[in-house]
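# Fold and contact review
Spelled out, the chains give:
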Amino acid sequence: MPSLFGMYGYEGFGGRNAEIGAAADAQRASTQARDAEQRVKALEESLAKTLLICEAMWEILRDHSGIDNEVLFEKLREIDLRDGVLDGKNQSKPTECPSCQRRLSNRHARCLYCGHTFAKSTFEL
Ligand SMILES: [Zn+2]
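Residues numbered from 1 in each chain as written. Predicted model: local features only at pLDDT ≥ 70, side-chain atom pairs only at ≥ 80, totals over all residues. Heavy atoms only, no water.

## Focus on unusual backbone geometry
Formally: Only runs of H or I of at least four residues qualify as helices and only runs of E of at least two qualify as strands under DSSP, and these elements are numbered from the N terminus. Note on classification: 1.4 Å probe, protein chains only; a residue is buried when its accessible area is under 20% of the maximum for its type, exposed when over 50%, partly exposed between these limits.
For Gln101, which is not a glycine, the phi torsion comes out positive at approximately 65 degrees. Mapping Gln101 onto the fold places it in the loop between strand S1 (95-96) and strand S2 (103-104). For Gln101, a relative accessible area of 44% corresponds to the partly exposed category.

So this is what it looks like as structure tokens:
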């Protein structure tokens, strides 16, 4: 009959069980790294398609409206500054819930504490 420690996965330091545990950890880490790599590749492909569509839309707009690059860059700068930082993106920082005043990541569409729904820009991640 295994000891209480053995039943819960602890077999002491060193020895065969430690080696098996380390090998399992290494296998799990390898699988997680491979999964992360595949997700990054999928995101890169998705981003490349999005950029291609943006480029096509911009060129159609430019060629059919007379709006030039200067107007585009001025608008990009204006939007970039909406989050208070000129950094090439418009993504808000952690925010305070207007209902319960707790701080939350801007990734959430609803407050995790009180359920308040946030009005979020379509263009935020
Ligand atoms: Zn809240």
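Structure shown, so let's carry the discussion forward.
## Looking at the coordination of the zinc ion
Four donors placed tetrahedrally about a metal ideally form angles of 109.5 degrees, and six donors placed octahedrally ideally form angles of 90 or 180 degrees. To be explicit about the condition: Only nitrogen, oxygen and sulfur atoms count as donors, using a 2.8 Å cut-off from the metal that widens to 3.2 Å for Na, K and Ca. Water is left out, so coordination shells may look unfilled. Geometry is assigned from the angles between donors: four donors with all angles from 85 to 135 degrees make a tetrahedral site, four or six donors whose opposite pairs exceed 155 degrees while the rest stay between 65 and 115 make square planar or octahedral sites respectively, and everything else is labelled irregular.
Taken together, the protein ligands of the zinc ion are Cys97 (SG), Cys100 (SG), Cys111 (SG) and Cys114 (SG), with distances of 2.3 to 2.4 Å. Considering all four donor atoms around the zinc ion, the spread of angles at the metal, 105 to 119 degrees, places the coordination shape in the tetrahedral class. Look at where the donors of the zinc ion fall in the sequence and you get C-x2-C-x10-C-x2-C. Given the relative accessible area of 5%, Cys111 is considered buried.

## A word on the environment of Arg62
Stated precisely, the cut-off is as follows: Two residues qualify as a contact provided that any one of their heavy atoms is within 4.5 Å of a heavy atom in the partner residue.
Summarising the element assignment, Arg62 is placed in helix H2 (residues 15-65). Through-space distance from the C-alpha of Arg62 to that of Leu72 is 9.1 Å; in sequence the pair is ten residues apart. The residues touching Arg62, leaving out its near neighbours within four places in the chain, are Ile67 and Asn69.

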